Amino acid sequence: MCSVQVGVKRLTCFYVNKLNWVQSRLISGVCVADELVQAGWSKCWSRRENRPYYFNRFTNQSLWEVPVLGQHDVISDPLGLNAAPAEGDANGRKRRMSEEQSTATLVTTPISPSTPGVKPWAPEERQTLTSIYWDLDVQTNAVIKERPPLPLLPPHPEIELQRAQLVTKLRQHYHELCLQREGIDPPRESFNRWLLERKVIDKGLDPLLPSECDPPISPSMFREVMGDIPIRLARIKYKEEARKLLFKYAEAAKKMIDSRNASPESRKVVKWNAEDTMNWLRRDHSASKEDYMERLEHLRLQCGPHVAAVAKDSVEGICSKIYQLSADYSRRLRQTHLGLLQTPPPSEAPTAPVPGARLVYCYPLRLSVPSPVLPRVELHFENDVACLRFKGEMVKVNRGHFSKLELLYRYSCVDDPRFEKFLSRVWCLLKRYQMMFGSGTHEGTGLQGALPVSVFEVLHRQFGVSFECFASPLNSYFKQFCSAFSDTDGFFGSRGPFLSFTPASGSFEANPPFCEELMDAMVSHFEELLSSSSEPLSFVVFVPDWRDPETPALTRMESSRFLREQLHVPPFEHEYRSGSQHTCKREDMSYRAVHGTAVLFLQNDAGFAKWPPTPDGVAELASMAPPAGGGSQKDGLMVLTGPVGLS
């Protein structure tokens, strides 16, 4: 009898719980007011608590009760660019409080318990902290003239997928041409530097693929391929390696001169030096590493000019072929892109500041061509990684940087208040940078490395820096920056490429990709800006301290009349943040610099008076050396921690 009563009681409890669950599910289906949706609120279901809750995707705020607009609407300014909230502004105070979690050094990043495939957080899991490498609270002091929207085609996942396929195909062509014509692998990162160097002078319409360059043959690609002919000279540590390298060079030089259309004099010089080197190697087995390296240098001086002469036409053919393919791919992509637009773009539109335009604080780029309806991009999370998939192509970004992109998008985007195009634009952004710097392990990370957070903190505190001249939405520290791509990056705060950015006033940090042609163009732009503005203008520049041979950009800055201060940081005593910080593990976030870094202050008179490089400020910036015995120096700027990273 007792067992029957217990069974009936259990069955009754089961149906009561089931009825409560159904009622809760019905309640959770109630539509959220349009005003709340626009403010970022959505209704979700908590499996752990078995009841509905409200989640704000802009602020990561969760509430059990229905949000009240006057109380919980923390986004009072859609742009949030220049004006800080007034002291008595309640909404401004709430906005600052809500953003503390994204700008503090250590924050948590909550997730919705209803996210498919994601396990709800247990209380102990909320203690997991994620380092943040940006400060989006810093307001800009960069002043520009008002400029009209740009007539660029808006990004589209279909086009970005095709562009990625064509760039991959172009990389393969480059690899095959180097192997077939010269018997070498392409120099490491040379294709990436080719893209950077070409875009300095490119007048074409594609944001990534060069199509209108003069001259068509890239000096960067030609120089790097020629440097690896007849063989690539690697760094030598041991005597046996030096001996083998000397033998391989002599053999490759002799083989090349025999197989090419060389002059009799060239054949004679190269053959005699190569055979003399081989005979010396057979006779002398007691030579040191220094002897082998000295002999190799002598062989290069004797044979190098003759080998370069016979390889010149072939290497120029490689550079020309790659450029022609790129121009063809660019034309095909544009035709396909135009076919996807609902409204054809204007043939002519102003891109420079209009005469008489007023001075304003800088703001993100706008596009004049309306964006069409974008296809759906799927999102799911794997632990701390956001995975975005479109037509089987997946791109990844860690959860912290994904939240950063949400904030930047909210501050900067004006045509998508409901975030309906957010995922598609994030996918295009990630795919674009993946294609620009390659998908190989550690590929391109050195070309888009960033300064450590402590450096930016000192630059802002001591020298008023609030703007980055070379960054991206993924590695920027401030929310105002210049980047490579206007079409994808403008929605996330970019002011466009720096070489087309003309500020009248402001304090800037410049850490360009280490491409000689780009750095040289950067210096020319500095000189033009500093000469034409009477308002305070300052640039703190970080470039590699290359002295053998010296780079033209560094030489020009050291002799510039605008140079106010300069300091040098020795190699292996400072570090940079990895260019793949948005995908790499925390222990791989930084890498030690194998080269010295030159820091130069370029300022006009007004800039020098407003943001002078004082002895105290420069001393703090110069404190980049690690403490005795290595380790970490929290108070220093470029901290030395961990093993040697990328070169």
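Here the structure is a predicted model, which means the values were calculated and not measured.

(A) Inspection of helix H8 (residues 239-259) at higher detail. In this model H8 runs 31 Å from its N-terminal to its C-terminal C-alpha over 21 residues, within 8% of the 30 Å that 1.5 Å per residue would give. Buried within H8 are the following residues: Ala 242, Arg 243, Leu 245, Leu 246, Tyr 249, Ala 250, Ala 252, Ala 253, Met 256 and Ile 257. Against the buried residues of H8 lie helix H5 (157-182), helix H9 (264-283) and helix H10 (289-340).

(B) Looking closely at the sheet that holds strand S13 (residues 537-544). Spatially, 5 strands are ordered S11-S12-S13-S17-S14 in an open sheet, and the strand pairing comes out mixed. What marks the edges here is a single partner per strand, and that holds for strand S11 (467-468) and strand S14 (563-569). Relative to strand S17 (residues 597-603), S13 runs antiparallel, the two being bridged by 7 bridges. When the sheet's bridge partners are listed, Phe 542 is paired in S17 with Val 599. Most of the contacts of helix H18 (residues 615-622) go to S14, to which it runs at about 25°, and overall it touches S14 and S17.

(C) Highlighting the packing of aromatic side chains. Tallying each qualifying case throughout the model produces 27 aromatic pairs. Arranged with centres 5.1 Å apart and planes meeting at 10°, the rings of Phe 467 and Phe 501 form a pair that is stacked. Of this pair, Phe 467 sits in strand S11 while Phe 501 sits in the loop between helix H14 (486-489) and strand S12 (506-510); the two residues are 34 residues apart in sequence, bridging distant segments of the chain. Following the ring pairs from residue to residue traces out a cluster consisting of Phe 467, Phe 470, Phe 498, Phe 501, Phe 508, Phe 526 and Phe 539. When the ring centre of Phe 485 is taken as origin, the NZ or CZ atom of Arg 432, which lies over that ring, is 4.8 Å away.

(D) Up close: unusual backbone geometry. Cis rather than trans, the peptide bond between Asp 214 and Pro 215 has omega equal to 10°. Looking at where Pro 215 falls in the secondary structure, it is placed in the loop between helix H6 (190-201) and helix H7 (219-227). A cis amide bond links Ile 229 with the next residue in sequence, Pro 230, at an omega value of 5°. Along the polypeptide, Pro 230 turns up in the loop between H7 and H8. The phi dihedral of Glu 189 falls on the positive side, at around 70°, and the residue is not glycine. One can find Glu 189 in the loop between H5 and H6. Classification of Glu 189 by relative accessible area gives buried; the value is 11%. Even without glycine at this site, Asn 383 takes up a positive phi of about 60°. Here Asn 383 is to be found in the loop between strand S8 (378-382) and strand S9 (385-390).

(E) Geometry of the packing of H7 against H10. Where H7 meets H10, the axes come as close as 10 Å, and the angle between the chain directions of the two elements is 135°. Judged by the inter-axis angle, H7 sits oblique to H10. The two elements H7 and H10 meet at a crossing, and its hand is right-handed. Residue-level contacts link Met 221, Phe 222, Val 225 and Met 226 of H7 to Ala 308, Ala 311, Lys 312, Val 315, Glu 316, Cys 319 and Ile 322 of H10. Considering only residue class, the contact of H7 with H10 consists of 9 nonpolar, no polar and 2 charged.

(F) Region of the structure containing the pattern of salt bridges. All chains considered together, the criterion is met by 28 salt bridges. Put simply, Glu 316 and Lys 312 hold a salt bridge, and the shortest N to O gap is 2.9 Å. Here Lys 312 and Glu 316 lie together in helix H10, a separation of 4 residues that amounts to about one turn. Here Glu 316 falls in the partly exposed class, since its relative accessible area comes to 22%. With relative accessibility at 38%, the residue Lys 312 sits in the partly exposed group.

(G) Quick look at H6. Taking 1.5 Å per residue, 12 residues should reach 16 Å; H6 reaches 17 Å between its end C-alpha atoms and fits that length. Burial analysis of H6 places 9 of its 12 residues in the buried class, which makes it a mostly covered element. Of all the positions in H6, only Ser 190, Phe 191, Asn 192, Arg 193, Trp 194, Leu 195, Leu 196, Glu 197 and Arg 198 are classed as buried. Contact partners of the buried residues in H6: H5, H7, H10, helix H12 (422-437) and helix H15 (516-532).

(H) Up close: the pairing of S13. Within S13, 8 of the 8 residues are buried, leaving the element largely enclosed by the surrounding structure. With burial as the criterion, each face of S13 is covered, one bearing Leu 537, Phe 539, Val 541 and Val 543 and the other bearing Ser 538, Val 540, Phe 542 and Pro 544. Sheet topology note: the S12/S13 ladder contains 5 bridges and is parallel. From the neighbouring strand, Ser 507 faces S13, where its bridge partner is Ser 538. In the classification by handedness, the crossover that spans S12, the intervening H15 and the parallel S13 is right-handed.

(I) Region of interest: the packing of helix H13 (residues 453-463) against H18. Between H13 and H18, the shortest axis-to-axis distance is 10 Å and the interhelical angle comes to 175°. Here H13 lies roughly antiparallel to H18, going by the angle between them. Only Gly 617, Val 618, Glu 620 and Leu 621 of H18 make contact with H13, whose side of the interface consists of Val 455, Val 458, Leu 459, Arg 461, Gln 462 and Phe 463. Of the residues assigned to the contact of H13 with H18, the class counts are 6 nonpolar, 2 polar and 2 charged.

(J) Structural context of the environment of Asp 202. Topologically, Asp 202 is positioned in the loop between H6 and H7. Sequence spacing of Asp 202 and Pro 216 is 14 residues, and the spatial spacing of their C-alpha atoms is 9.7 Å. Beyond its immediate stretch of four places on either side in the chain, Asp 202 contacts Leu 209, Pro 210, Ser 211, Glu 212 and Cys 213.

(K) Up close: the confidence of the model for the protein chain. The predicted model of the protein chain averages 81 in pLDDT, with 76% of residues at 70 or higher. With pLDDT under 50 throughout, residues 18-31 is counted as low confidence; its partners more than four residues away or in other chains account for 10 contacts. Note that residues 625-647 has pLDDT below 50 and, in this model, 55 contacts with residues that lie over four places away or in other chains.

(L) Broad picture of the sheet that holds S9. Pairing is antiparallel across the open sheet formed by 3 strands, whose spatial order is S8-S9-S10. Looking at strand neighbours, the two that pair on one side only are S8 and strand S10 (393-398), the edges of this open sheet. Adjacent strand axes in the sheet meet at a mean angle of 25° when their direction is disregarded. Relative to S9, S8 runs antiparallel, the two being bridged by 5 bridges. By the bridge assignment for S9, Glu 382 is matched with Val 385. Sitting on the sheet, helix H11 (residues 399-412) touches S8, S9 and S10, and the angle it makes with S10 is about 90°. Against the sheet, H12 touches S8, S9 and S10, its axis set at about 90° to S10.

Reading the values: the criteria
Residues numbered from 1 in each chain as written. Predicted model: local features only at pLDDT ≥ 70, side-chain atom pairs only at ≥ 80, totals over all residues. Heavy atoms only, no water. Helix = DSSP H or I, 4+ residues; strand = E, 2+ residues; numbered from the N terminus. Expected span 1.5 Å × (residues − 1). Buried < 20%, exposed > 50% of the residue type's maximum accessible area, 1.4 Å probe, protein only. Contact = heavy atoms within 4.5 Å. Pairing = 2+ DSSP bridges. Axes fitted to C-alpha atoms, helices over the stretch in contact; angles between N-to-C directions. Phe/Tyr/Trp six-rings, centres within 6.5 Å; stacked < 30°, edge-to-face > 60°. Lys NZ or Arg CZ within 6 Å of the ring centre and 35° of its normal. Parallel < 35°, antiparallel > 145°, perpendicular 65-115°, else oblique. Left-handed = near helix turned anticlockwise from the far one by under 90°. Nonpolar A, V, L, I, M, F, W, Y, C, P; charged D, E, K, R; others polar. Salt bridge = Lys/Arg side-chain N within 4 Å of Asp/Glu carboxyl O. Right-handed = clockwise from strand over helix to strand, strands pointing away. pLDDT = per-residue confidence, 0-100.

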